[in-house]
Amino acid sequence: MVTLRIAISFRTLGIRLPSHPFYCSSSFIPNLSFSSFIMTISKDSSAPLVVVMGATGNQGSSVIQALKESDRPYRIRGFTRDTGKAASKELTAEGVEMVAVEPTVENKDQVLKQFEGAQFVFELSEGKMLVDAAKEAKVDLFVWSGIHNMAKASGGKYTNVRHFDIKEEITQYLKASGQRFVNVEPASFMENYVAHSAPRKQADGTFAMYGVVSPDSVVPLINTKHDYGLFVRKAIEIPGPNEIYAHAEVISMKNIAKGIVQGTGKNVTYVQIPQEAFIGAMTARGIPKDVAISYYEMYMSVAEYGYFGSEDLGPSLVGLARAPRTWAQFVEVSDWSKILK
């Protein structure tokens, strides 16, 4: 019998950035309503072994949940820094083999040991080392969470969005390595709009969302913890392109605000502010100016050149086990009581 090998992960690349609308905070995660048809994680040695890095995070836990919903059996090994924390213990109780591994270059031998026998690996952090380890372990499919290079997309206009561009460097390294892979690029996280990007109360009792881009600027969205795993499951179970764009819909900033209005009945608007005010507000919060500029360029490059560039997003929604949650549905199930009060 042919044994498949897959590895999967979702962590940030060597730098810890402040929260922003394209990366999720753990606060205010909405109640989830997964399918009631849940399979038990397999212990059968003949079942494909999936290694999920960052298993207790929003993306990693979404992948595990999506594989549990599959009618195919999987063994799952989860990487985490601390197997003693509650989230890790819950996954252990569900049948996930949780392993305490810090995926750094210094720990390559330990990572390689845990990759042995794996069919699938999902990866994001310490990219090149993990690619090398996956290839050495003869992993059949390496699924990773990259994103577009904004310096390239903008023709050199925006060169400070390094947290995007570094990931593209890993994607190029993957392509050159010969390792079979799928890049499941996550859209902007819906969860952020009930956390650090939530509407703020104004003096007149209304609420406003502030940003540097036009109200008509669009961004793809995904309810990460609820739906990201659907796209990784598709990458594993349905052979296809090595680029999948994990999103539910593409929506304008003004319609993000409008969706909150329709779902909550509160008066919420999107307000565009100038570059100086945006950078000033960030530095006032103690964020270094170079990081604030990086954020500014990120928003502007997405608005001008597209979060996923000019790619056709339609094929990525074909073949999913279920439809991802829309923005309107997310608003409906989220808890706004502490935000819009």
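Note that residues are indexed from 1 along each chain, following the sequence as it is written. The model is predicted, so local features are restricted to residues of pLDDT at least 70 and side-chain atom pairs to those at 80 or more, both for listing and for counting; the totals for chains, interfaces and linings are taken over all residues. Processing note: side-chain calculations cover all non-hydrogen atoms of the structure and skip hydrogens and water entirely.

1. Considering the packing of helix H6 (residues 162–177) against helix H10 (residues 289–305)
1) Next: Only the stretch in contact is used when a helix axis is fitted, and all axes are lines through C-alpha atoms; the angle between N-to-C directions ranges over 0 to 180 degrees. Note on conventions: DSSP H or I runs of at least 4 residues are helices, E runs of at least 2 residues are strands, and numbering of each starts at the N terminus. Where H6 meets H10, the closest approach of the two axes is 9 Å, and the angle between their N-to-C directions is 70 degrees. In this view, H6 runs roughly perpendicular relative to H10, as classed from their interaxial angle. Between H6, through Arg162, His163 and Phe164, and H10, the contact on the second element is made entirely by Ser294, Met298 and Val302.
2) Next: Classification used: nonpolar for Ala, Val, Leu, Ile, Met, Phe, Trp, Tyr, Cys and Pro, charged for Asp, Glu, Lys and Arg, polar for all others including Gly. Of the residues belonging to the contact of H6 with H10, the class tally is 3 nonpolar, 2 polar and 1 charged. If an angle is under 35 degrees, it is roughly parallel; if it is over 145, roughly antiparallel; if it lies from 65 to 115, roughly perpendicular; otherwise it is oblique. Any two residues having at least one pair of non-hydrogen atoms within 4.5 Å are treated as being in contact.

2. Some thoughts on the sheet that holds strand S9 (residues 200–201)
1) Next: The criterion for strand pairing is that DSSP finds at least two bridges linking the strands in question. Pairing is mixed across the open sheet formed by 3 strands, whose spatial order is S9-S10-S14. Either end of the sheet is taken by a strand with one partner, and the two such strands are S9 and strand S14 (268–272).
2) Next: The pairing of strand S10 (residues 207–211) with S14 spans 5 bridges and is classified as parallel. Residue pairing in the sheet places Tyr210 in a bridge with Val271 of S14.
3) Next: Contacts from helix H8 (residues 253–264) reach S10 and S14, with the element oriented near 160 degrees to S14.

3. Some words on the pairing of strand S11 (residues 218–222)
1) Next: Exposure classes here rest on a 1.4 Å probe applied to the protein chains alone. A residue is buried below 20% of its type maximum, exposed above 50%, and partly exposed in between. For S11, the buried fraction is high: 4 of the 5 residues fall into the buried class.
2) Next: In this structure, strand S8 (residues 188–189) lies alongside S11, joined through 2 bridges in parallel fashion. The partner of Phe189 across the bridge, within S11, is Ile222.
3) Next: The pairing of S11 with strand S13 (residues 249–252) spans 4 bridges and is classified as antiparallel. Looking across to S13, one finds that Val218 is bridged to Ser252.

4. Re the sheet that holds S13
1) Next: Sheet architecture is open: 3 strands sit in the order S8-S11-S13, paired in mixed fashion. Taken across any chain shown, the strands that pair with only one partner, and hence form the sheet edges, are S8 and S13.
2) Next: Each of S11 and S13 touches H8; the most contacted strand, S13, lies at about 95 degrees to it.

5. Comments concerning helix H4 (residues 127–136)
1) Next: Regarding H4, the residues found buried are Gly127, Met129, Leu130, Val131, Ala133 and Ala134.
2) Next: Just downstream of H4 lies Lys138, where phi reads positive at about 60 degrees.

6. Looking at the nonpolar core
1) Next: Think of a nonpolar core as a cluster: buried Ala, Val, Leu, Ile, Met, Phe, Trp, Tyr and Cys residues, connected wherever their side-chain atoms sit within 4.5 Å. Val184, Ile256, Phe278 and Trp327 are the most contacted members of the largest nonpolar core, which has 74 residues in total.
2) Next: With 22 residues, the next largest nonpolar core counts Phe79, Val101, Trp144 and Ile170 among its residues.

7. Considerations on the pairing of strand S3 (residues 75–80)
1) Next: The element S3 is extensively covered by neighbouring structure, given that 6 of its 6 residues are classed as buried.
2) Next: Judged by which residues are buried, S3 turns out to be covered on both faces: Arg75, Arg77 and Phe79 on one side and Ile76, Gly78 and Thr80 on the other are all buried.
3) Next: Relative to strand S4 (residues 97–100), S3 is paired through 4 bridges, and the arrangement is parallel. Note that in S4 the partner of Thr80 across the bridge is Ala100.
4) Next: A crossover counts as right-handed when, viewed with the strands pointing away from the observer, the path leading from the first strand over the helix to the second turns clockwise. In this region the chain leaves S3, passes through helix H2 (residues 86–93) and returns to the parallel neighbour S4; the handedness of that crossover is right-handed.

8. Observations concerning the packing of aromatic side chains
1) Next: Pairs were defined over the aromatic rings of Phe, Tyr and Trp, the Trp ring being its six-membered one, requiring ring centres within 6.5 Å. Orientation was assigned from the angle between planes: stacked under 30 degrees, edge-to-face over 60, tilted for the rest. If you walk through the whole model with that rule in mind, you get 7 aromatic pairs.
2) Next: On the numbers, 5.7 Å between centres and 80 degrees between planes, the contact of Tyr193 with Trp327 is edge-to-face. Of the two residues, Tyr193 is situated in the loop between S8 and S9 and Trp327 in helix H11 (residues 327–333); the sequence distance between them amounts to 134 residues.
3) Next: With a relative accessible area of 3%, Tyr193 lands in the buried category.
4) Next: Classification of Trp327 as buried rests on a relative accessible area of 2%.

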